[in-house]
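# Commentary on secondary and tertiary structure
What follows is the residue order along each chain.
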Amino acid sequence: MINGLRYITDDLLLLRRMGIKEYNLRMQAAVLKQADKQELMAQAMIFKRIAESTKKVGDTYVYTATNPTDIFDKSQIERSIFGADRRETLQWHRLINVAQRNLEWQEKHEEA
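Described below are features of the structure shown in this document. (Residues numbered from 1 in each chain as written. Predicted model: local features only at pLDDT ≥ 70, side-chain atom pairs only at ≥ 80, totals over all residues. Heavy atoms only, no water.)

## Considerations on the overall build of the protein
For the protein, the helix and strand inventory stands at six helices and two strands. A compact globule built from 112 residues should have a C-alpha radius of gyration of about 13 Å, whereas the protein, at 27 Å, is more than 25% larger. Each principal axis of the C-alpha atoms in the protein carries an extent, and together these give about 70 × 65 × 25 Å. Taken across its 112 residues, the protein has 7% of its residues classed as buried. Restricting the contact set of the protein to residue pairs at least 6 apart, pairs at least 24 apart contribute 7%. Surface summary for the protein: the accessible area is close to 10300 Å², and the carbon and sulfur share equals 57%. Separation between the mean location of the 18 positive side-chain charges and that of the 16 negative ones in the protein comes to 10 Å. (Helix = DSSP H or I, 4+ residues; strand = E, 2+ residues; numbered from the N terminus. Rg over C-alpha atoms; globule rule 2.2 N^0.38 Å. Buried < 20%, exposed > 50% of the residue type's maximum accessible area, 1.4 Å probe, protein only. Contact = heavy atoms within 4.5 Å. Areas by Shrake-Rupley, 256 points an atom, 1.4 Å probe, with all protein chains shown as cover. Lys, Arg positive; Asp, Glu negative; His and termini not counted. Charge placed at Lys NZ, Arg CZ, Asp CG, Glu CD.)

## Side note on the pattern of salt bridges
Charged atoms that come close allow side chains of opposite charge to pair. Evaluation of the coordinates by the stated rule reveals two salt bridges. One salt bridge connects Glu22 with Arg26, and the closest N-O pair in it is separated by 3.1 Å. Here Arg26 and Glu22 lie together in helix 3 (residues 20-52), a separation of four residues that amounts to about one turn. We note a salt bridge from Lys48 to Glu52, for which the minimum N-O separation is 3.0 Å. Of this pair, Lys48 and Glu52 both sit in helix 3, separated by four residues, roughly a single helical turn. In this structure Glu52 comes out as partly exposed when scored by relative accessible area, which is 49%. (Salt bridge = Lys/Arg side-chain N within 4 Å of Asp/Glu carboxyl O.)

## As for the pairing of strand 1 (residues 54-57)
Both faces of the sheet carry side chains from a regular strand, because those side chains alternate between them. As defined by bridge partners, strand 1 adjoins strand 2 (residues 60-63) across four bridges and the pair is classed as antiparallel. Bridging across to strand 2, Val57 finds its partner in Thr60. With antiparallel pairing between neighbouring strands as the criterion, strand 1 and strand 2 make up a hairpin whose turn holds two residues, including Gly58 at a positive phi of roughly 70°. (Pairing = 2+ DSSP bridges.)

Printed below as a string of structure tokens:
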């Protein structure tokens, strides 16, 4: 009961009405949420290490990561999910829609 109040909800009535299966399922979800938080913390530490890493060039030290994409490249993930042409296709559809609305507006105002 204490763990249910701690990890699931602070509503005692809701907790008492829960069945065993629902309680176990919610507890498993709470454990997975905690694991996700720990994973994010580990990733943040790795990103920090990458961002602070340096290499010696001549007599000075320079950062190895000079752009945010050297640490984390969101566009690469988007390309792997949507495909390389997805972004261009969406931009063309937006431009076509703008052009169509512009033509409709011009026709509407020419009639008036």
